[in-house]
Amino acid sequence: MKYSVFTVMLPELSPQEAIRELKKAGYDGVEWRVTAIDPAKQEEPPSFWGNNRCTVDIQSSEEDILGLKAETELAGLEIPALACYLQCGDVEGTARGMQIAQWFGASAIRVGVPMYNRSKRYQELLEEGRSYLEEVQKLSRQYGVQGWIEIHMNNIASSASLAHRLVEGFDPEHIGVIYDPGNMVYEGYEQYRMGLELLGPYLAHVHVKNAHWVRTNDPNRHIWQADSCPVSEGVANWKQIVDDLKTVGYDRWLSFEDFSRSGTGEELLARNLQYMKSLV
């Protein structure tokens, strides 16, 4: 398997600094975070979803993208995919993301999934999601870039089986699933191997993170709350997950998305890679 980092987890680093640290730590690739950059947040301290310095602006020029691609390749790093922040139904944004992926030479981008917040019935959201994926599939054929949905809490693909229901019937050459068992800790756990078997050819990519349950003292919140923790310490059993991935024949990317902040970025990169290699 190959190892990459989704740069959302490195908010304090510039893309150039991230390239240097990933090369130093021994990673094989980088999964760039791609979204609109809000100038108003650039004066804030670095954070995952605020002033994240390790982000590629979705409005970047082709010249800028090709420059960053050259720097990435010079360091010996591949770009397996781009992690775009797209809403379900944003066809224009999806086309833009795939164009940027073409420039980078990346084979896939993350696309949108309807969120579930009780304001709409699941069946209605499923229809919206599948209608959007029809457009994603058309764009994929046009650009030669796959569209990947991610298993994620608070959306209608919070487990492997729900993700499969969303993508079933689409061409797996164009539509795939990012398997994320760390996200499944929050609400969508099911037997890892069973879910992987169900996804079959739609299993395109794996995000590596973990979470645990903590007891809260806040009367306005549920007594138990899931929260990020180091990859080796959470509810997701990564030894079992790796074994099950091998069993179903998955030998592609394991891409770290660690929000635990347990140590410096440099320490986190080294520790995560060492831990995962010990399991594989």
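For every chain, the first residue of the written sequence is number 1, and numbering continues from 1 along that sequence. Note on the predicted model: pLDDT of at least 70 is required for a residue's local features to be given, and 80 or more for side-chain atom pairs to be given and counted; whole-chain, interface and lining totals, by contrast, use all residues. Side-chain figures throughout are based on the complete set of non-hydrogen atoms in the structure, without hydrogens or water.

For the rest of this paragraph, the subject is the overall build of the chain. Secondary structure is summarised from DSSP: a helix means a run of H or I of at least four residues, a strand means a run of E of at least two, and numbering begins at the N terminus for each. Of the regular secondary structure elements, the chain holds nine helices and eleven strands. Radius of gyration: over C-alpha atoms. The globule rule applied is 2.2 Å multiplied by the number of residues raised to the 0.38 power. Compactness check: the chain gives a C-alpha radius of gyration of 18 Å against a globular reference of 19 Å for 280 residues, within 12% of the reference. Taken over the C-alpha atoms alone, the chain extends approximately 45 × 45 × 40 Å along its principal axes. Counting all 280 residues of the chain, 52% fall into the buried class. Every residue pair with non-hydrogen atoms within 4.5 Å of one another is taken to be in contact. Pairs at least 24 apart in sequence give 77% of the contacts found in the chain among residues at least 6 apart. All accessible-area figures derive from a Shrake-Rupley calculation using a 1.4 Å probe, and residue coverage is judged against the displayed protein chains alone. Of the roughly 12900 Å² that the chain leaves accessible, carbon and sulfur atoms contribute 46%. Positive charges come from Lys and Arg, negative ones from Asp and Glu, while His and the chain ends are left out of the count. We put the charge of a Lys on NZ, of an Arg on CZ, of an Asp on CG and of a Glu on CD. Across the chain, the 27 positively charged side chains and the 40 negatively charged ones have centroids separated by 3 Å. Here the term buried applies to any residue with accessible area under 20% of the maximum for its type, exposed to any over 50%, and partly exposed to those in between, with areas from a 1.4 Å probe on protein chains only.

What follows is about the side chain of Asn155. Along the polypeptide, Asn155 turns up in the loop between β6 (146-150) and α5 (160-167). Contacts described as polar in this section are N or O atom pairs within 3.5 Å, which, within protein, must combine one atom able to donate a hydrogen with one able to accept it, while residues neighboring in sequence count only if both atoms come from side chains. Within polar-contact distance, the side chain of Asn155 engages the backbone nitrogen of Ala157 at 2.7 Å. Non-local contacts of Asn155, meaning those with residues more than four positions away in its chain, are made with Val113, Pro114, Met115, Tyr116 and Glu150.

It is worth spelling out the layout of surface pockets at this point. Each pocket or cavity is described by its volume, and for the largest pocket that value is around 570 Å³. Points on a 1 Å grid over protein atoms alone make up a cavity when a 1.4 Å probe fits among them but cannot get out, and a pocket when they form an open set with protein on both sides within 12 Å along at least five of seven lines; lining residues each have an atom within 4 Å of a point. Lining the largest pocket are 24 residues; nearest its centre among them are Tyr85, Arg110, Met115, Glu150 and His152. Here the lining of the largest pocket is composed, by residue class, of 13 nonpolar, seven polar and four charged. Grid points are joined across faces, edges and corners, and a volume is the space filled by probe spheres set on the points. Taken as a whole, the second largest pocket spans an internal volume of roughly 240 Å³. Contributing to the lining of the second largest pocket are 13 residues, with Ile37, Asp38, Gly50, Asn51 and Asn52 lying nearest its centre. Grouping the constituent residues of the lining of the second largest pocket by class yields three nonpolar, six polar and four charged. Note on residue classes: Ala, Val, Leu, Ile, Met, Phe, Trp, Tyr, Cys and Pro are nonpolar, Asp, Glu, Lys and Arg are charged, and everything else, Gly too, is polar.

Attention shifts here to the pattern of salt bridges. By definition here, a salt bridge exists when the distance from a side-chain nitrogen of Lys or Arg to a carboxyl oxygen of Asp or Glu is within 4 Å. A full pass over the atoms with the stated rule returns eleven salt bridges. A salt bridge links Arg110 to Glu150, with the nearest nitrogen and oxygen atoms 2.6 Å apart. One end of the pair, Arg110, is in strand β5 (residues 108-110); the other, Glu150, is in strand β6, with 40 residues separating them in the sequence. Per residue, the accessibility class of Arg110 equals that of Glu150, and both read buried.

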